[in-house]
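An overview of the molecular structure
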Amino acid sequence: FPFSCGFLLLLLHLLRAVIALEKKNVISKPGDNATLSCIYKGRDLQLSNLRVYWQIANQEKCSVVHALIAGQDNYSNQCIHFKNRTQLFWDRLEDGNFSLLLLNVSQSDKHTYKCVVQETKDLPKVVHREEVVLSIAASYSQPILSGPIINSTGEEVTFRCKSGNGYPKPNVYWINKMNNSHLSPSTLEFIPHDDGTYSVISTLKVKATANMQIECSIENEMLQENISVNYTPRKQNDDSNPENPEKNGRIAQAAGIVSIVILIGLLAVLVCWLWRRRSSNLVSY
């Protein structure tokens, strides 16, 4: 029985250690605010006897992201990159909630942050430590899918799908909607931008079939977002297709011009007939 109790206590201690070392993950979009959690459940909590440091793990250039010393914010050693961008939740400090609010996040804020709580009542000692991984993700734009005009079935045709301003690199899926089968892209290109986001361009070459329907899907795994667009190819003789607004517009314009010409002709004939009738009446008189 004593052995069992000792084993259970050891197991509980190891479990607490694992939980303490487990990193929390936070995902934020550029321009949003991110909350980095740090909660200390100590007894008889007195802010005057505590120091709380938020730091970037494994980085010497930036030693302090935010500091709370004896219940007051301390910015003396704060990194310039975080100036006027960090806040604690003052209504929660008495409960041991030392979570940090990071304002207007960007790609450069993508780090592992650590929260260190020290007790200074006697000798300074660390009484709590947490780590939070901040990841940055951005939604991709609605993809644009362009495709060919089908001349005949069996010919090789090319589709092109494009989306941009997202992060991280997405998964791109081509799907044959006739049977929901996945198709392998012919090319896949990622274009980086100065703000850290990407544009993605993918092409698909397949044999044309009757009534084929193609879907391009852009998946951002980090944000669990999936944006899709469908394309139904037109046949070469399908000029009346409502998906061809440019050609239909030209046809409507030509029909309008013909109608105006016919109307002018009818008016001219009517005027001439009235003139001749009037002239005939004058001669008779």
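Right above here is the structure, for reference.
A short tour of the structure in this document, coming up. (Residues numbered from 1 in each chain as written. Predicted model: local features only at pLDDT ≥ 70, side-chain atom pairs only at ≥ 80, totals over all residues. Heavy atoms only, no water.)

**As for the overall build of the chain**
Along the chain, the regular secondary structure elements total two helices and 19 strands. Considering only contacts within the chain whose residues lie at least 6 apart along the sequence, 60% involve residues at least 24 apart. Accessible surface, the chain as shown: approximately 18700 Å² in total, 54% of it carbon and sulfur. (Helix = DSSP H or I, 4+ residues; strand = E, 2+ residues; numbered from the N terminus. Contact = heavy atoms within 4.5 Å. Areas by Shrake-Rupley, 256 points an atom, 1.4 Å probe, with all protein chains shown as cover.)

**Some remarks on the state of the cysteines**
Overall, the coordinates contain three disulfides when judged by the stated rule. A disulfide bridge connects C38 with C115, and the sulfur atoms are separated by 2.1 Å. A torsion of -65° about the S-S bond marks the disulfide between C38 and C115 as left-handed. Of the two residues, C38 sits in the loop between β2 (34-36) and β3 (50-56) while C115 sits in strand β8 (residues 112-119), which places them 77 residues apart along the sequence. By relative accessible area, which is 0% here, C38 ends up buried. Through a disulfide, C161 is tied to C216; the S-S separation comes to 2.0 Å. Taking the torsion about the sulfur-sulfur bond, which here is approximately -85°, the covalent link between C161 and C216 counts as left-handed. (Disulfide = S-S within 2.5 Å. Buried < 20%, exposed > 50% of the residue type's maximum accessible area, 1.4 Å probe, protein only.)

**Overview of the sheet that holds strand β7 (residues 100-102)**
Taken together, the three strands give an open sheet; going across it, the order is β2-β7-β6, and neighbouring strands pair in antiparallel fashion. Bordering the open sheet on either side are β2 and β6 (86-88), each of which pairs with just one other strand. Between one strand axis and the next, the sheet turns by 25° as a mean value, whatever way the strands run. (Pairing = 2+ DSSP bridges. Axes fitted to C-alpha atoms, helices over the stretch in contact; angles between N-to-C directions.)

**Some points on the nonpolar core**
Counting residues in each nonpolar core, the largest one holds 28 residues, and the members touching the most others are W54, F98, Y113 and L134. When residues of this core are traced back to their parent elements, those giving at least two are β2, β3, β7, β8 and β9 (125-136). Sort the elements by how many residues they give to this core and β3 lands first, with four residues. Leave out the neighbours within four places in its chain, and F98 touches C38, Y40, L45, L47, L50, V52, W54, L68, L88, L93 and V117. In terms of nonpolar packing, the next biggest core, distinct from the first, is built from 21 residues, A138, L145, A208 and I218 among them. (Core = buried A, V, L, I, M, F, W, Y, C linked by side-chain atoms within 4.5 Å.)

**What about unusual backbone geometry?**
Here the bond from Y167 into P168 is cis, since omega is -5°, no more than 30 degrees from zero. Summarising the element assignment, P168 is placed in the loop between β12 (156-166) and β13 (171-176). Positive phi outside glycine occurs at N84, with the angle close to 60°. The residue N211 is not glycine, and still its phi comes out positive at about 60°. Mapped onto the fold, N211 is located in the loop between β16 (198-207) and β17 (214-220).

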